[in-house]
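# Coordinates in review
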Amino acid sequence: MKQDGIDLGRRGFLIGRRLARPEAIRPPWSRAASVAAACTGCGACVPACPQNIIALDADGRPALTFNAGECTFCGACADACSEPVFDRSIAGFPHVAAIGADCFATRGIVCQSCGDACPESAIRFRPRLGGPALPEIATDRCSGCGACITACPAQAISVSGRPLEAAHV
Ligand code: SF4
Ligand code: SF4
Ligand code: SF4
């Protein structure tokens, strides 16, 4: 019985995780908490973005996608917002780029598109015997701009939480 309870709990936990929506990427200098607390859903930041990477999510709050372009940190979204959603005293994004297992180089195909695209020179390629050099992200240099995500032909790059020691502003 006890075992069933544990299994059910675990199953419920796994189902819950599976059904949970992925956490949205909020515009730079905003955070989930400030968006939840202060964003009215007016949408003013959406047309303000010259990169067209902001859209309102299912809850009517701004979310970024890096599929079509990167954030240039132009500040237009923050300038367009009349509520206390943005705080330019904090790091732009709470995330850094992370390279996944689908990377072409990992699979033996030469590719350095992410390194070419990175404006911070945060991606270096580590040579290895028997295969193409592998990309590595210097998280202390990564701004989280998403240029590498846009450029990656394998769609192998996502974002993950910024390590505490990496404080790119
Ligand atoms: S800082 Fe500029 S490019 Fe980045 S999301 Fe805001 S408006 Fe778009
Ligand atoms: S652009 Fe994508 S596939 Fe190419 S090296 Fe970078 S992570 Fe790998
Ligand atoms: S998110 Fe931007 S700064 Fe970070 S590695 Fe990718 S391109 Fe470079």
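Structure shown above.
Residues numbered from 1 in each chain as written. Chains lettered and ligands numbered in written order. Predicted model: local features only at pLDDT ≥ 70, side-chain atom pairs only at ≥ 80, totals over all residues. Heavy atoms only, no water.

### Considerations on the site of ligand 1
Around ligand 1, the structure places Pro28, Cys49, Pro50, Gln51, Ile54, Cys71, Thr72, Phe73, Cys74, Gly75, Ala76 and Cys77. Across the shell around ligand 1, the residue classes break down as nine nonpolar, three polar and no charged. (Near = heavy atom within 4 Å. Nonpolar A, V, L, I, M, F, W, Y, C, P; charged D, E, K, R; others polar.)

### Points about unusual backbone geometry
Of note, Phe73 is a non-glycine position whose phi angle comes to about 60°, a positive value. Locating Phe73 in the fold gives a position in the loop between strand E2 (62–64) and helix H4 (76–80). We classify Phe73 as partly exposed; its relative accessible area is 28%. Positive phi outside glycine occurs at Gln155, with the angle close to 50°. (Helix = DSSP H or I, 4+ residues; strand = E, 2+ residues; numbered from the N terminus. Buried < 20%, exposed > 50% of the residue type's maximum accessible area, 1.4 Å probe, protein only.)

### Things to note about the site of ligand 3
Near ligand 3 the following residues occur: Ala97, Cys118, Pro119, Glu120, Ile123, Cys142, Ser143, Gly144, Cys145, Gly146, Ala147 and Cys148. Taken together, the residues of the shell around ligand 3 sort by class into eight nonpolar, three polar and one charged.

### Concerning empty space enclosed by the protein
Within this structure, the stated rule accounts for four cavities of 30 Å³ or more. Roughly 110 Å³ of internal volume is contained in the largest cavity. What lines the largest cavity is a set of 15 residues, among which Cys39, Cys42, Gly43, Cys45 and Cys81 lie closest to the centre. Looking at the lining of the largest cavity residue by residue, the classes come out as nine nonpolar, five polar and one charged. (1 Å grid on protein atoms, 1.4 Å probe; cavity = no way out; pocket = protein on both sides within 12 Å on 5 of 7 lines; lining within 4 Å. Points joined across faces, edges and corners; volume = space filled by probe spheres on them.)

### Notes on the nonpolar core
Of all hydrophobic cores here, the largest spans 36 residues; its most connected members are Leu64, Phe66, Ile123, Cys148 and Ile157. When contributions to this core are tallied by element, the ones reaching two or more residues are helix H2 (32–38), H4, strand E3 (95–99), strand E4 (123–128), strand E5 (131–137) and helix H6 (147–151). The element contributing the most residues to this core is E5, with three residues. (Core = buried A, V, L, I, M, F, W, Y, C linked by side-chain atoms within 4.5 Å.)

### Remarks on the packing of aromatic side chains
Summed over all chains, the structure comprises three aromatic pairs. Between Trp29 and Phe73, the ring centres sit 6.1 Å apart and the planes meet at 65°, which makes this aromatic pair edge-to-face. Placement of the pair is Trp29 in the loop between helix H1 (2–19) and H2 and Phe73 in the loop between E2 and H4, with a sequence separation of 44 residues. Here the aromatic rings of Phe66 and Phe93 are separated by 6.1 Å at their centres, their planes lie at 85°, and the arrangement is edge-to-face. With a gap of 27 residues between them, Phe66 in the loop between E2 and H4 and Phe93 in the loop between H4 and E3 connect regions that are remote in the sequence. On the basis of relative accessibility, which here comes to 3%, the residue Phe66 falls in the buried class. Judged by its relative accessible area of 0%, Phe93 falls in the buried class. Linked through ring pairs, Trp29, Phe66, Phe73 and Phe93 together constitute an aromatic cluster. Positioned above the aromatic ring of Trp29, the side-chain terminus of Arg88 is 5.3 Å from the ring centre. (Phe/Tyr/Trp six-rings, centres within 6.5 Å; stacked < 30°, edge-to-face > 60°. Lys NZ or Arg CZ within 6 Å of the ring centre and 35° of its normal.)

### Description of the pattern of salt bridges
Applying the stated criterion to the full structure yields three salt bridges. Between Arg88 and Asp79 there is a salt bridge, with its nearest N and O atoms 2.4 Å apart. (Salt bridge = Lys/Arg side-chain N within 4 Å of Asp/Glu carboxyl O.)

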